[in-house]
Amino acid sequence: VDLEVTHWWTSGGEANAVSKLADAWNATGNKWIDGAIAGGGDTARPIMISRILGGDPMDAFQFNHGRQAEELIQAGLLLDLTDVAEANHWKDIVQPSSLLDACTYEGKIYCAPINIHSWQWMWLNNKVYEDLGLPVPTNWNEFVDTADEVAAAGKIPLAMGGQPWQQAGAFNVLATAIAGQDAYLAVNRDKDESVAGGPEFAKVFEAAAQARELSQGSNVQDWNQATNMVITGDAAAQIMGDWAQGEFALAGKTAGTDYTCLPGLGLNAILDAGGDAFYFPAQDDPETTAAQKELAALLLQPETQVAFNAAKGSLPIRGDVDMGTVNDCTKKGLELLASGNVMPAGTTLLSPDTNQQVNDLLTEFWASDMAPADAQARYAEIIASAD
Amino acid sequence: MLAPNTSVSIRDLTLQFGAVQVLQTLNLDIRDGEFLVLLGSSGCGKSTLLNCIAGLLEPTDGQIFIKGRNVTWLEPSERGIGMVFQSYALYPQMTVRGNLSFGLRNARVPKAEIESRVARAAKVLQIEPLLDRKPAALSGGQRQRVAIGRALVRDVDVFLFDEPLSNLDAKLRADLRVELKRLHHSLDNTMIYVTHDQVEAMTLADRIAIMRNGRIMQLGTPDEIYNRPQNRYVADFIGSPSMNFVEGHLERGTFHGADLQLALDGYRFGAPQVADRPAIIGIRPEHVATGPLVDSAPIRGEVTAELVEPMGSDTLVWAQLAGKPFRIRMDGQARVSPGDRLPIGIDPAKASLFDAKTEERL
Amino acid sequence: MLAPNTSVSIRDLTLQFGAVQVLQTLNLDIRDGEFLVLLGSSGCGKSTLLNCIAGLLEPTDGQIFIKGRNVTWLEPSERGIGMVFQSYALYPQMTVRGNLSFGLRNARVPKAEIESRVARAAKVLQIEPLLDRKPAALSGGQRQRVAIGRALVRDVDVFLFDEPLSNLDAKLRADLRVELKRLHHSLDNTMIYVTHDQVEAMTLADRIAIMRNGRIMQLGTPDEIYNRPQNRYVADFIGSPSMNFVEGHLERGTFHGADLQLALDGYRFGAPQVADRPAIIGIRPEHVATGPLVDSAPIRGEVTAELVEPMGSDTLVWAQLAGKPFRIRMDGQARVSPGDRLPIGIDPAKASLFDAKTEERL
Amino acid sequence: MAVTHPAEVAAPDAARVRRPSRLLRNIPAKIASIPMVLIALVIFVGCTAWTVFYSFTKSGMLPRLQFVGLDQYDRLWSTPKWWTSIENLAIYGVLSMILTMALGFFLATLLDRKVRGEDVFRTIFLYPFALSFIVTGLAWQWILNPEFGIQAVVRSLGWEGFSFDPLHSRELVIYGILIAGIWQGTGLVMCIMLAGLRGIDEDIWKAARVDGIPTWKTYTHVVIPMMRPVFVTTLVLVASGVIKLYDLVKAQTDGGPGGASEVPAKYVMDSMFGAQNLGQGFAASTMMLLSVVIILIPWAYLEFGGKKRG
Amino acid sequence: MAEPATLGTVAAVDAIKERTGGVGYLEGPRGGRPRRVLTAHNVVLYGTLLVIAAYFLLPLWVMLVTSFKTMDEIRQGNIFAPPTEFTIFPWIKAWAQACTGINCDGLSRGFWNSVYILVPSVVVSIAVASVSGYTLANWRFKGSEAIFTILILGAFIPYQVMIYPIAILLGKVGLFGSLWGLVVVHTIFGMPLNVLLFRNYFSSVPEELFKAARVDGAGFWGIFFRIMLPMSLPIFVVSMIIQITGIWNDFLFGVIYTSNERYPMTVQLNNIVNSVQGTKEYNVNMAATLLTGLVPLAVYFASGKLFVRGIAAGAVKG
Ligand SMILES: Nc1ncnc2c1ncn2[C@@H]1O[C@H](COP(=O)(O)OP(=O)(O)OP(=O)(O)O)[C@@H](O)[C@H]1O
Ligand SMILES: Nc1ncnc2c1ncn2[C@@H]1O[C@H](COP(=O)(O)OP(=O)(O)OP(=O)(O)O)[C@@H](O)[C@H]1O
Ligand SMILES: [Mg+2]
Ligand SMILES: [Mg+2]
């Protein structure tokens, strides 16, 4: 059966990962019709939603894990995967279980989680520091201390793409690392504006202002262009999720020797377990429905998980697979995962609407000379009105 | 019931564009085979009336009959009319032949029949050599002939012309006028012809209807219209240069006014008895006798020439009578200079008399 | 050297548009204060000549003098001319006052001076109440007056008119014609006036230049043009209905042709001696004597009326002579019916004789 | 005034025919206008009404009938991004209207001066119109890129201090977009203006020359005022493009840097699809529509409603 | 004919002719004013034109030269300089090899999809718009002016506003996702401008022509097809150019209202340009962009003259 799958994974590492899924699906005698839309979720989402609304949905689509699909579920537009989940014991194998919770609505399961992504990483180019005769920083503070020398050598200390989600993401990473997990959850989960406006977050905003200084001069848009600056040594570091590792891998770099990764910026080693999931719009054709369920099951198979996550640089959603020859950074991630140093990701906690507002604020903050205090005040306001 | 020999009858025709009343309960009967000219100044509703007859405009009220059939709500093509427009309105992308046969093809007339009719029309109009040209390759006169031909082939009862000659130059206009007249003689169709050119109206018409503000002011033969205008408007409108008017009043059969005393013995009154009243007398410039003829005129006077316009065949003299301009038309050979005193003579039999208030003919 | 009283002189003016020779080594001298009309059929180069005089077109060759100054290379505004266009060419968004004063303001004439000139022109043209209106709110005649005013305020030596009246309706045209003539009398400026309307030409002109294919066919007073046309083209062009031509040949002072023998005793030959040759005689429709006057005509004949066009003041009779149409213009009161035999008379003194080959007057 | 009747005017009882039903006349014309009427009423009016209606609801990813009154509007007008958007639209709109019209008219007058190679120049000015905004945005992003583009080239020629980097400056970014917008849109304006200029009566030019008016003054005092309808047409055309400005921004800056080049249409898109807050997007688009309607209705009435035949 | 031109001249001229040996000229300038090519006026005029032409050509030039450069040269080089190592590899890659997701067949797939979408969309949208314009110009009915006003206002409605409701409507009538659904969408959004053009054009056709055809018995369609259509080539050209470029360049509707296997070329272009794999391959992007723009550009270059004429006929009057 031909299944059309829409996603926005079009960077080198991502496309490589998708092809693993496609290969696996094609190997079952079905056909994967790739519906990649470049340009990120904002370009792809209207297409997905309007096609579902118009009654000509694709067979499966990728969404960020979280509350994005809630309304589609409410409207009965998505396929109920509960039977697949039960048959394949998803409850037992998916780890952390919060991932499956995010797929669950009123007791039924509507999505197949595919990977775990964590934002909480900073990537550093070892060679830049070696050339300057400096030790590679092991946490944010050291990084900031050495930044002047890096800048003096004509390198950009911190690479940063121009898109709002990158800037907001980096901020959240700083928040967890500097203000700590509790404060982070108080703000993002409990929507406590007093914390958002409080002294811990004031420090976060100060740090963000510093990061803003350090990222002056990186005139790139896409995250992977920023990553590429680190890979080529034009920049020393980047705060970016683990998907950046796919780019390093594709460029033939080795973790530990060529680049260093610092989970939780080396201050507060923790992962936020967000990730991607596949949703399956409800279809009339029973044959298609059966195939959709087959695909859902396939996505969680250990072999698929290994192949996909190795290519994408993300972590598998089941603890029972052996990633085999994983590199340094993946190992660090797996360890954190195993030790339960996990917290829910911001996208799963906040509504897209609030996320958008936060993104708007932070991108403005990042590109202007807005005072940290002003930004914090507006941030607290957004949190206060979040739903 | 309609009179048996009427071709087109119009009953109480009224037409409004929004608030503007363009035609006002108009009645008109046109005889079979008659050449009727609708004459009037610009905007008086001539084209509107013609378009109503053609079915191109829907009247607000009233009825239209053609050959005894009530056609008020029929399509233009079902009325048995053909129409010729000022701008020719030829279909630019079709050849002359295509233009002529378009209506017939629409009516699904058999091929052979179309051909013979086109050939006949082309012969009558002498446009046979042009049949395969496009309108762009024709002169104005040729175009207008094709436009007439388009009505001709359709074998219609009534021809409608909307100022067909006014886009042509003077010479061509004169020629085509004569041809039209010949055509009418040979076809014997009813023709309704709109123009604002008096010469065309006078030369072509069996009868002329003078229109003003959506009403018919007078309907009559050219001779009647010219010599016995029913009201001052018609009198003024017809004739170039226009009629001279002298204001005054009637007193027991004599007209008194501005240096002029006119015993109206020779004048045929429209109404049997005319009471004394303010009146206007009108006299055409060419009816003012000059030179040797003055002596035989019943009334004589003298004016001073102010301006002389030699027009080749005639000479027009502008003079003054009681402070109002007074025009005299003289022979082309006449030699008059501005400032000359001119003896003139007036024959009441050739004058028109109007009531000063109603402006109707007395 | 130019003759002292010439206002505009044109020397060997030639103008080509690409391969088309529009003006062909044209020479013309216009006297001071003269009203010269350029008359000719469409496309003969009248507007082109006028535009050359105005400086709006550059001639290919030749010279133009205005008031003795060589203006061939001068800008239009420096030539001391004013021009009035057929389409009025008023500046639509300016008031009448703005239109009149625009050129003056541009030339930095003092305010007070502008006002007095505008006021004077407005008075002459009787457009004072219109000064604050925009052209869109004026009738055609009023617009044309404003266009004239625009030339008037600029106090120019020469007025150029390019068919100024042809967008107006017949009545208005007649009125404005008279006004133009009055204006010329009172201003005494040189006026060059392009038209293809004979009536305008005859009534307005001091002299008329008849043009054809970029050449001047005859230059003369209206009377000369009408009564002594220099060649057949002019004879045919002037007069409506046009002159009757009868082909034949001259034999010892007598014209023989088509049922007609004309001893040319009364005819004033243009050239002193005329050899026998094929010739054409031309006689104007109104010079054909009918009715009681036939008896006193030197030559008599008879024709059959074919078509009668009553035109109010005259009646036009179409007859045939030797198979060619022959037009006779009769009195408006004449009653002739098609088919009637008409005795006619011809006076050689009023006829024109042309060489059949060169078509020049003999 | 008595209307004269010929003697044989018939009795008024001659068969009268009643007016047939208006609905049944010109059936083919009525059938043929069905698509147009449907599009106008169902799509343009219907969809707009639908949008306005849902702007009073709390619709998220999907339309949802949960009314919240004017909440969406309150939120809209208290969002800094919206303010930035309309500010940008105002700057871009006013400038692009003025500049495209001015440049378009200027080019048209140059071409109207009977230049040699008019065809070539006209094609050069017009071709950008054939390219989509996406292409336009990308091309200009590339040219304005400080590392490869104009700035780099000028610096490499020796002017080290030269700085021209509008796309990365919050203050200048909208002007960077403007450069691209003008590049794309001027050609069409020029074409229309040229057509308008060619439509002006030759005699007006002649009259002005005879009056001794210099060419430039003839343009400013006579020709431009005469071209009012042409200017109106182009203005409408340009304005309708300005309101919809989205693709260009998306391709050139994606609203950056830091949201400094946001525009209303993008705000609508972001709200509807990024934030999955349809209600907010609908409120924003309703505001856009409202402003258009306020500007346009009187104009449309004057231009099209008043007179009968175009 | 004896020199008629001399008939009117005054004797003085003859005197001059005698004196000057047959040439009747007086002193002073004669004939047309001499023309110099390099006047200040011309320098300014052509100078300005050339400078502005440079501004307009700059992006095209940059795209062209970049698309023929290697990435190395782009990185070090001047974007305005012509390529030193000329390569057509970027074009090949853009056309046949560039990847989106896992499909690596470049633009080639999208090209035929675009053609497949373009033809019916252009035909249908112009057919509907021309008939509508014709109705509005010649067969007015009650409320037709109001409909027209609505259509014109429709030109101002941002597309985004209608994406949802149209998707729902198309879903309801079962056209969503089909080619015909997309055709309907293009027809809708092409309406305002094209109807305006057609209405203005048909209004300028003399009304008498229309009347003559009615007298000749032609009906609504007869007049349209046999009288109006053959006369309206210029406006059809304009409308076609506008629709071809609009539909060809469309991204949003193409991607929303069709499904994967019918994605037009612009979607592929967007994918190629926005899928950054490693560094941005500017040369491939430029080649892809130019390839995508080729069709509308060709249309413009081929019919520019007709376009201007048509614009004059359809757009200028209000
Ligand atoms: N469609 C219309 N809407 C409103 N008024 C109209 C319309 N058509 C004509 N009129 C008005 O009706 C009157 C009569 O017009 P009509 O065209 O019949 O005049 P006309 O006598 O043919 O004039 P002309 O000699 O200029 O052709 C005019 O005053 C005109 O303004
Ligand atoms: N710009 C031009 N290029 C080529 N030929 C031209 C141009 N202008 C005029 N002509 C030609 O020159 C001839 C004379 O034109 P002109 O306008 O002077 O005629 P006219 O006598 O004024 O005619 P009308 O009475 O129609 O105004 C015509 O045959 C015309 O075709
Ligand atoms: Mg009329
Ligand atoms: Mg002329």
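Residues numbered from 1 in each chain as written. Chains lettered and ligands numbered in written order. Predicted model: local features only at pLDDT ≥ 70, side-chain atom pairs only at ≥ 80, totals over all residues. Heavy atoms only, no water.

- Under an unreviewed UniProt entry, chain B has the name ABC transporter domain-containing protein and belongs to Rubellimicrobium mesophilum DSM 19309.
- In UniProt, chain B has this text filed under Sequence similarities (unreviewed entry): "Belongs to the ABC transporter superfamily." (UniProt positions renumbered as here; feature names shortened; annotations may be inferred.)

### Thoughts on the overall build of chain A
Right, on to step 1. Of regular secondary structure, chain A possesses 20 helices and 13 strands.
Right, on to step 2. A compact globule built from 387 residues should have a C-alpha radius of gyration of about 21 Å, and chain A, at 21 Å, falls within 12% of that.
Right, on to step 3. If one aligns the C-alpha atoms of chain A with their principal axes, the spans along those axes are about 65 × 45 × 35 Å.
Right, on to step 4. Partitioning the contacts of chain A with sequence separation of at least 6, the portion at a separation of at least 24 is 76%.
Right, on to step 5. Within chain A, one finds 20 positive and 52 negative side-chain charges whose respective centroids are separated by 2 Å. (Helix = DSSP H or I, 4+ residues; strand = E, 2+ residues; numbered from the N terminus. Rg over C-alpha atoms; globule rule 2.2 N^0.38 Å. Contact = heavy atoms within 4.5 Å. Lys, Arg positive; Asp, Glu negative; His and termini not counted. Charge placed at Lys NZ, Arg CZ, Asp CG, Glu CD.)

### What about the site of ligand 2?
Residue and element names in this part refer to chain C.
Right, on to step 1. Surrounding ligand 2, one finds F17, V22, S42, G43, C44, G45, K46, S47, T48, E163 and H196.
Right, on to step 2. C44 is positioned such that a nitrogen or oxygen atom in its backbone is 3.3 Å from an oxygen atom of ligand 2.
Right, on to step 3. Within the contact set of ligand 2, an oxygen atom lies 2.9 Å away from a side-chain nitrogen or oxygen of K46.
Right, on to step 4. When the free accessible area of ligand 2 is taken as 630 Å², the share hidden by the protein chains comes to 56%.
Right, on to step 5. Residue contributions to the shell around ligand 2 peak at three residues, all from helix 1 (residues 46–54).
Right, on to step 6. Per-class residue counts for the shell around ligand 2 are three nonpolar, six polar and two charged. (Near = heavy atom within 4 Å. Polar contact = N/O pair within 3.5 Å; in protein donor to acceptor, adjacent residues only side chain to side chain. Areas by Shrake-Rupley, 256 points an atom, 1.4 Å probe, with all protein chains shown as cover. Nonpolar A, V, L, I, M, F, W, Y, C, P; charged D, E, K, R; others polar.)

### A word on the site of ligand 1
All names here are of chain B.
Right, on to step 1. Contacts to ligand 1 come from F17, V22, S42, G43, C44, G45, K46, S47, T48, E163 and H196.
Right, on to step 2. At 2.8 Å, a side-chain N or O of K46 approaches an oxygen atom of ligand 1.
Right, on to step 3. Residue S47 places a side-chain N or O atom 2.5 Å away from an oxygen atom belonging to ligand 1.
Right, on to step 4. For ligand 1, whose free accessible area comes to 630 Å², the fraction covered by protein is 60%.
Right, on to step 5. Here the element with the most residues in the shell around ligand 1 is helix 1 (residues 46–54); it accounts for three residues.
Right, on to step 6. A class-by-class count of the residues in the shell around ligand 1 yields three nonpolar, six polar and two charged.

### Re the pairing of strand 19 (residues 341–346) of chain C
Residue and element names in this part refer to chain C.
Right, on to step 1. For strand 15 (residues 288–289) and strand 19, the ladder comprises two bridges, and the chain directions are antiparallel. Considered in strand 19, the bridge of A289 is made with G345.
Right, on to step 2. Bridge analysis of strand 16 (residues 299–310) against strand 19 gives six bridges, and the strand direction is antiparallel. Its bridge partner lying in strand 19, V303 is registered against L342. (Pairing = 2+ DSSP bridges.)

### What to know about the nonpolar core
One recurring pattern in soluble globular proteins is that nonpolar side chains are buried together.
Right, on to step 1. W90, W140 and F201 of chain A, F125 of chain D together with Y257 of chain E are the most contacted members of the largest nonpolar core, which totals 411 residues.
Right, on to step 2. Leaving out residues up to four positions away in the same chain, F125 of chain D has contacts with L107, L111, G187 and M190 of chain D together with L49, I52, A53 and F56 of chain E. (Core = buried A, V, L, I, M, F, W, Y, C linked by side-chain atoms within 4.5 Å. Buried < 20%, exposed > 50% of the residue type's maximum accessible area, 1.4 Å probe, protein only.)

### Concerning a nonpolar patch on the surface
Right, on to step 1. On the surface, L24, I27, I31, I34, L38, L41, V42 and V45 of chain D together with L169 of chain E cluster together to form a nonpolar patch covering roughly 760 Å² of accessible area.
Right, on to step 2. Among the elements that take part in the nonpolar patch, helix 2 (residues 34–54) of chain D stands out by supplying five residues, more than any other.
Right, on to step 3. Tracing the sequence through the fold places V42 of chain D in helix 2. (Patch = residues over 30% accessible without salt bridge, like charges linked within 9 Å, V, L, I, M, F, W, Y side chains within 5 Å. Salt bridge = Lys/Arg side-chain N within 4 Å of Asp/Glu carboxyl O.)

### Here's the deal with the UniProt feature "domain: ABC transporter" (unreviewed entry) in chain B
Right, on to step 1. As recorded in UniProt, the sites labelled "domain: ABC transporter" (unreviewed entry) are residues 8–238 of chain B.
Right, on to step 2. Taken end to end, residues 8–238 of chain B is 37% helix and 27% strand, and its two terminal C-alpha atoms sit 25 Å from one another.

### Considering a positive patch on the surface
Right, on to step 1. Residues R105, R108 and K111 of chain B together with R226 of chain E make up a contiguous surface patch of positive charge.
Right, on to step 2. With respect to the element layout, K111 of chain B can be found in helix 3 (residues 111–125).
Right, on to step 3. Using a relative accessible area of 67% as the deciding quantity, one classes K111 of chain B as exposed.

### A short note on the side chain of R361 of chain B
Residues and elements named next belong to chain B.
Right, on to step 1. Structurally, R361 is set in the segment after strand 19 (352–355).
Right, on to step 2. Here R361 sits buried without a salt bridge, and the closest side chain of opposite charge, E360, lies 9.2 Å off (N-O distance).
Right, on to step 3. Within the structure, R361 has its side chain in polar contact with the backbone oxygen of P229 (distance 3.0 Å).
Right, on to step 4. In this structure the side chain of R361 is engaged in a polar contact, spanning 3.0 Å, whose partner is the side chain of S352.

### Considerations on the arrangement of the chains
Right, on to step 1. Out of eight pairs of chains that touch, the pair holding the most contacts is chains D and E.
Right, on to step 2. The two units chain A and chain B remain apart, with a minimum C-alpha distance of 46 Å.
Right, on to step 3. With respect to C-alpha atoms, chain A approaches chain C no nearer than 50 Å, and the pair has no contact.

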